[in-house]
Amino acid sequence: MSMSFSAVSVPSSVSRPSYLSSSAYQFSFGAPANYLRSGSGGRVVLHGGPLHLCRKFCGLKQWILENLHHQQHQRKLGPTNEYKSIKNQFKDHSTDQSGSTLSHEDSNDQTSKITSELEESSLPSSQPHASVTEPTTSVESPSMPQTHSSKFLVECGEEPSLCIAVIGATGELARRKIFPALFALYYSGFLPENVSIFGYSRKNMTDEDLRSMIASTLTCRVDHQGNCGDKMDVFLSRTHYINGGYDNREGMSKLNVLMKQFEGKSEANRIFYLSVPQEALINVACSLADNAQTLKGWNRVIIEKPFGFDVLSSHRLTQSLRSKFEEKQIYRIDHLLGRNLIENLTVLRFANLVFEPLWSRTYIRNVQVILSEDLGVQAGRYFDGYGIIRDIVHSHILQTIALLAMETPISLDGEDIRNEKAKLLRSVRKLEPSDVILGQYKGSTRDKVDLFMNSLTPTYFAAALYIDNARWDGVPFLIKAGMGLIQHRVEIRIQFHRVPGNLYRERMGHNIDLATNELILRDTPDEAILVRVNNKIPGLGFKLDSPELNLLYKDKYNVEVPDSYEHLLLDVINGDNHLFLRSDELAAAWNILTPILNEIDKKNIAPELYELGGRGPVGAYYLWAKHGVRWAED
């Protein structure tokens, strides 16, 4: 099916010279004559499909811009030189793309027409009656999709190129998570066709070594099996390796040169994923800022958590990054925030009238945020001094509470959402030792002899947070985050107040908590939204029960849930930063946790030991009871 576009217009105020005929266009910028029509009002109209239109428009625009630039230069030399120059230029353009030339008579005929036109228009500019109006070019193609780059049309339809560099490409995180996520996005069509992937590390490897290393980790989803092998081969062919050596400045310069070889003339954008140890982060970031940023598009830098060891080191890290990058370029990633549960929090709140009026201390009794890891999760990273507070609570738990409890943002723009999150975090009361329980699981050998580490680094954290604002005054936000527990569970439980003067309290038995309505948002083990309501059991008699109305995602939606890294990497590509911590959010979170971290450093708080594979420290049960909350069942 052919499509027609009114793509190039010359205003009627400018007489169209004869050299803008279809044949002249054919030889000037390669537009076939059958794509040209004369429109009303002195317009020249290109006809044809979008691909033809873009190509012809690009050639026409390039031809016009070159001539206007040349004419402006020649006007400084006088009208005679200008006339001679353009006359000669036309002769140079008398050869078409296939190499054939105009016949001598046709060439002379076209030249004479241009001569007569230019003799009328090339009068000295000092004469007031001989003003020259430069032609304008307009694009009138409503059927063509709009792009975010104004350079799309200028560069013959070239989309902006995208280069993604994974710094620390040979590490476990890059191999198991980052490269597979990039391939999944590429396979699903979320990466541009002119994307290039670069692995950067100090190891002496080749492109083929990198491709062989990551090939075994690439998989296609169950619902995306078509052409999987072909897509994988293309993706791997677009993957390249840079041996950065031990001088990051030199290595980043080499990376910059290689990226330029794969970038076109249009807009060139770059993403740098810094999958490096914390001690190397500043050096790598500063080196790439000085040597590897593009000047033809945007640059974005992804930084893995933890974001510093304490408030001071985090501040220094932020200052170093901000000295080289703008805040909007920095994406502090926490993969747990890429889960569907977190993304659904704002939808649940602001797109459902049934919930938003209840979202305050008037109806909500407490909020529980639970993240428990079972025995299958390796905990080695916790014993290098960071612990569960710096690694999990500081980013994931507090960000979850911020999204859950923030005020309504003025829009879904990332900065508007981050403004509300920052305000909420600044309203959270600083933690006191009496509101915190720390734990550390005991290891066991094959001989069943219990051992525990001499380090005081906690593997379990339970706390009661309070938000000092009008909406949440007096409502406890209970946190439970631990490793080596009996069950792998990630969920948010919102318990509502009891019904005042409940007529059925005698039929609920002595445990009045059974009469409490709950909204449960579960991510693991099975993603679901559950609502606990009170209901009469069918049959004779009058017995009440508290069943759960459930929306189980695996039953309702027959789709494979993407990995959280896919979600967050796509957000970085699209420039959506609402799930990434901003500097002021980072500082506010440290402000909440610093009193407890100081007490731990002074050894004024010792973790309570708990059995590996158990339910956690006993003290956590007392803490929740102290704040009037029933312990959530494991």
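Refer to the structure above for everything that follows.
Residues numbered from 1 in each chain as written. Predicted model: local features only at pLDDT ≥ 70, side-chain atom pairs only at ≥ 80, totals over all residues. Heavy atoms only, no water.

**With respect to the overall build of the protein**
Stated precisely, the cut-off is as follows: We count a stretch as a helix when DSSP gives it H or I for four or more residues in a row; a strand needs E for two or more, and each element gets its number in order from the N terminus. For each residue, the accessible area found with a 1.4 Å probe, counting protein chains only, is set against the maximum for its type, and the residue is called buried under 20%, exposed over 50%, and partly exposed in between. We call two residues in contact when some of their heavy atoms are within 4.5 Å. Values of accessible area rely on a 1.4 Å probe in the Shrake-Rupley scheme; residue burial ignores everything except the protein chains shown.
What the protein contains, in helices and strands, is 18 helices and 20 strands. Across the 634 residues of the protein, 50% fall into the buried class. In the protein, 75% of the contacts between residues at least 6 apart in sequence involve partners at least 24 apart. For the protein, the computed accessible surface area is about 31000 Å², with 52% contributed by carbon and sulfur atoms.

**Concerning the packing of aromatic side chains**
Spelled out, the test is: Aromatic pairing here means that ring centres of Phe, Tyr or Trp (its six-membered ring) are within 6.5 Å. Orientation follows from the plane angle: under 30 degrees is stacked, over 60 is edge-to-face, and everything else is tilted. A ring is considered to have a charge above it if a Lys NZ or an Arg CZ atom is located within 6 Å of its centre and within 35 degrees of its normal.
Applying the stated criterion to the full structure yields ten aromatic pairs. Note on Tyr-186 and Phe-235: the rings are 5.9 Å apart at their centroids and 45° apart in plane angle, and the pair reads as tilted. Linking Tyr-186 in helix α6 (residues 172-187) with Phe-235 in helix α8 (residues 228-237), this pair joins segments that are 49 residues apart in sequence. By way of ring pairs, the aromatic residues Phe-183, Tyr-186, Tyr-187 and Phe-235 are connected into one cluster. Its guanidinium or amino end placed over the ring of Tyr-186, Lys-231 lies 5.4 Å from that ring's centre, counting from NZ or CZ. We note Arg-390 situated over the ring of Phe-309; from NZ or CZ to the ring centre the distance is 3.8 Å.

**Quick notes on helix α7 (residues 207-215)**
The cut-off we apply is this: Throughout, the arc means the angular range of directions from the helix axis out to the C-beta atoms.
Every buried residue of α7 is listed here: Leu-210, Arg-211 and Ile-214. Each buried residue of α7 lies within a common arc of 100° when the element is viewed along its axis, so the set occupies one face. Seen from the buried face of α7, the exposed residues on the opposite side, beyond 90 degrees, are Glu-208 and Ser-212. In this fold, the buried residues of α7 make contact with α6, β4 (195-201), α8 and β5 (239-243).

**Side note on the environment of Phe-307**
By the element assignment, Phe-307 lies in the loop between β7 (299-304) and α11 (311-322). Residues Phe-307 and Leu-581, spaced 274 residues apart in sequence, show a C-alpha to C-alpha distance of 9.7 Å. With sequence-adjacent residues up to four places away left out, Phe-307 is seen in contact with Ser-314, Leu-317, Arg-332, Ile-333, Ser-395, Leu-581, Leu-586 and Trp-590.

**Let's talk about the packing of helix α9 (residues 248-262) against helix α10 (residues 278-291)**
Our working rule: Helix axes use the C-alpha atoms of the stretch in contact, all axes being lines fitted to C-alpha atoms, and the angles between their N-to-C directions lie in the range 0 to 180 degrees. For this classification, under 35 degrees means roughly parallel, over 145 means roughly antiparallel, 65 to 115 means roughly perpendicular, and everything else is oblique. Here a crossing is taken to be left-handed if its near helix is turned anticlockwise relative to the far helix by less than a right angle, and right-handed if that turn runs clockwise.
α10 packs onto α9 with a crossing angle of 45° between their chain directions and a minimal axis gap of 8 Å. Viewed along their axes, α9 and α10 adopt a mutual orientation that is oblique. For the element pair α9 and α10, the recorded crossing hand is right-handed. Contacts from Asn-248, Arg-249, Met-252, Ser-253 and Asn-256 in α9 reach Asn-283, Val-284, Ser-287, Leu-288, Asp-290 and Asn-291 in α10.

**Brief notes about a nonpolar patch on the surface**
Put simply, the test is: What goes into a patch is any residue over 30% in relative accessible area without a salt bridge, connected to like charges within 9 Å or, for nonpolar side chains (Val, Leu, Ile, Met, Phe, Trp, Tyr), within 5 Å. Salt bridge, as applied in this entry: a Lys or Arg side-chain nitrogen positioned within 4 Å of an Asp or Glu carboxyl oxygen.
A surface patch of nonpolar side chains, amounting to about 340 Å² of accessible area, comprises Leu-503, Tyr-504 and Phe-542. Mapping Phe-542 onto the fold places it in the loop between β17 (535-536) and β18 (544-545). When its relative accessible area of 36% is taken as the criterion, Phe-542 is described as partly exposed.

**Observations regarding unusual backbone geometry**
Cis geometry is found at the peptide bond from Lys-305 to Pro-306, where omega equals 0°. Tracing the sequence through the fold places Pro-306 in the loop between β7 and α11. Of note, the amide linkage connecting Thr-524 to Pro-525 takes the cis form, showing an omega dihedral of 15°. Topologically, Pro-525 is positioned in the loop between β15 (518-524) and β16 (528-532).

**Section: the nonpolar core**
Our working rule: Take the buried residues of types Ala, Val, Leu, Ile, Met, Phe, Trp, Tyr and Cys, join any two whose side-chain atoms come within 4.5 Å, and each joined set is a nonpolar core. Note that the domain bounds reflect an automated or database-derived domain assignment.
If you look at the biggest cluster of nonpolar residues, it comprises 139 residues, and the most contacted ones within it are Leu-255, Leu-274, Phe-461 and Phe-477. Mapped onto the domain boundaries, this core takes at least three residues apiece from domain 1 (161-304) and domain 2 (337-564 + 582-627). Setting aside anything within four residues of it in sequence, one finds Phe-461 in contact with Ile-388, Ile-389, Val-393, Leu-431, Val-436, Ile-437, Leu-438, Ile-479, Lys-480 and Ala-481.

**Thoughts on α9**
Definition in use: A helix is expected to span 1.5 Å for every residue after the first. Under the rule applied, a polar contact is a pair of N or O atoms within 3.5 Å (in protein, one hydrogen donor and one hydrogen acceptor; residues adjacent in sequence only if both atoms are side-chain atoms).
With 15 residues, α9 extends 21 Å from end C-alpha to end C-alpha; this agrees with the ideal 21 Å at 1.5 Å per step. Taken together, the buried positions of α9 are Asn-248, Gly-251, Met-252, Leu-255, Asn-256, Leu-258 and Met-259. The elements touched by buried residues of α9 are β3 (161-167), β4, β5, β6 (268-274) and α10. The backbone nitrogen of Arg-249 has a side-chain oxygen 3.1 Å away, supplied by the residue at the start of α9, namely Asp-247.

**Brief notes about empty space enclosed by the protein**
Applicable threshold: Cavities and pockets were defined on a 1 Å grid built over protein atoms only: a cavity is a set of grid points that admits a 1.4 Å probe from which the probe cannot escape, a pocket is an open set flanked by protein on both sides within 12 Å along at least five of seven lines, and lining residues are those with an atom within 4 Å of any such point. Grid points are joined across faces, edges and corners, and a volume is the space filled by probe spheres set on the points. Under the scheme applied here, ten amino acids are nonpolar (Ala, Val, Leu, Ile, Met, Phe, Trp, Tyr, Cys and Pro), four are charged (Asp, Glu, Lys and Arg), and all others, including Gly, are polar.
Tallying each qualifying case throughout the model produces six cavities of 30 Å³ or more. Lining the largest cavity are Asn-340, Leu-341, Asn-344, Leu-345, Leu-348, Leu-521, Arg-522, Glu-527, Ala-528, Ile-529 and Tyr-553. Elements that contribute at least two residues to the lining of the largest cavity include exactly α12 (340-350), β15 and β16. Element by element, the count of residues in the lining of the largest cavity is highest for α12, at five residues. Each residue belonging to the lining of the largest cavity can be placed in one class, and the counts come to seven nonpolar, two polar and two charged.

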